[in-house]
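Structural overview
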Amino acid sequence: MTNLLQLLRIVSLLFIASAAQAANPPNVVLILCDDLGYGDLGCYGHPTIETPRLDRMAAEGQRWTSFYSPASVCSPARAGYLTGRYPIRAGCAGVGGRRVFFDNCPNGMPTDEVTLAEMLRESGYATMCVGKWHLGHRPEYLP
């Protein structure tokens, strides 16, 4: 798995570098959902749940059908997705016996970790985070 995450990070960097040089670089939208199953969206075949906006995004962009999560709970999984590193290497594999950063945790994801958003920003993209962060609640750990 280490090689897979390293490969993902290298491919991401190459994509970002080449996309930023293009006349019309592509939009990049990363959606993380806790407890979303593979078949829970219309674009993945759910027979009754309607997700027209997500389905349109999938039709106009990429739809991944094989993907592994770096962890089974939110804080380390988010750290893995956003850094391309194993959560333990990104400083997010558990604190004091807890597997996630709660609002009373004194720490969060180390501030020296480089995220996908930071790499995109360095390539001229505007970036933002909407919704649950869960990688530290104190100001120094916020996006």
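Before reading further, recall that the structure is shown in the block above.
Everything in this summary refers to the structure shown in the same document. (Residues numbered from 1 in each chain as written. Predicted model: local features only at pLDDT ≥ 70, side-chain atom pairs only at ≥ 80, totals over all residues. Heavy atoms only, no water.)

On a plain count of helices and strands, the protein chain comes out with four helices and zero strands. For the protein chain, the N- to C-terminal ordering of α and β elements is α-α-α-α. Counting only residues that meet the buried cut, the protein chain has 26% of its 143 residues in that class. The contacts in the protein chain between residues at least 6 apart in sequence include a share of 57% that link residues at least 24 apart. About 9800 Å² of surface is accessible on the protein chain, with carbon and sulfur atoms providing 55% of the total. (Helix = DSSP H or I, 4+ residues; strand = E, 2+ residues; numbered from the N terminus. Buried < 20%, exposed > 50% of the residue type's maximum accessible area, 1.4 Å probe, protein only. Contact = heavy atoms within 4.5 Å. Areas by Shrake-Rupley, 256 points an atom, 1.4 Å probe, with all protein chains shown as cover.)

In this section: the side chain of T83. Position of T83 among the secondary structure elements: in helix α3 (residues 74–83). A residue is classified by how much of its surface remains accessible, and T83, at 2% relative accessible area, is buried. One polar contact links the side chain of T83 to the main-chain amide nitrogen of R85, over a distance of 3.2 Å. (Polar contact = N/O pair within 3.5 Å; in protein donor to acceptor, adjacent residues only side chain to side chain.)

Time to look at the pattern of salt bridges. Applying the stated criterion across every chain yields a total of two salt bridges. Among the ionic pairs, R85 bridges to E113, the shortest N-O distance being 3.1 Å. Taken as a pair, R85 in the loop between α3 and α4 (116–122) and E113 in the loop between α3 and α4 lie far apart in primary sequence, 28 residues in all. For E113, a relative accessible area of 10% corresponds to the buried category. (Salt bridge = Lys/Arg side-chain N within 4 Å of Asp/Glu carboxyl O.)

In this section: the layout of surface pockets. When its volume is computed, the second largest pocket comes out at roughly 890 Å³. Forming the boundary of the second largest pocket are 31 residues, of which L82, A117, M128, C129 and W133 lie nearest the centre. Ranked by residues supplied to the lining of the second largest pocket, first place goes to α4 with five residues. Partitioned by chemical class, the residues of the lining of the second largest pocket number 20 nonpolar, five polar and six charged. (1 Å grid on protein atoms, 1.4 Å probe; cavity = no way out; pocket = protein on both sides within 12 Å on 5 of 7 lines; lining within 4 Å. Points joined across faces, edges and corners; volume = space filled by probe spheres on them. Nonpolar A, V, L, I, M, F, W, Y, C, P; charged D, E, K, R; others polar.)

The next point concerns unusual backbone geometry. In this structure, H134 is a non-glycine residue whose phi angle is positive, near 55°. Summarising the element assignment, H134 is placed in the segment after α4.

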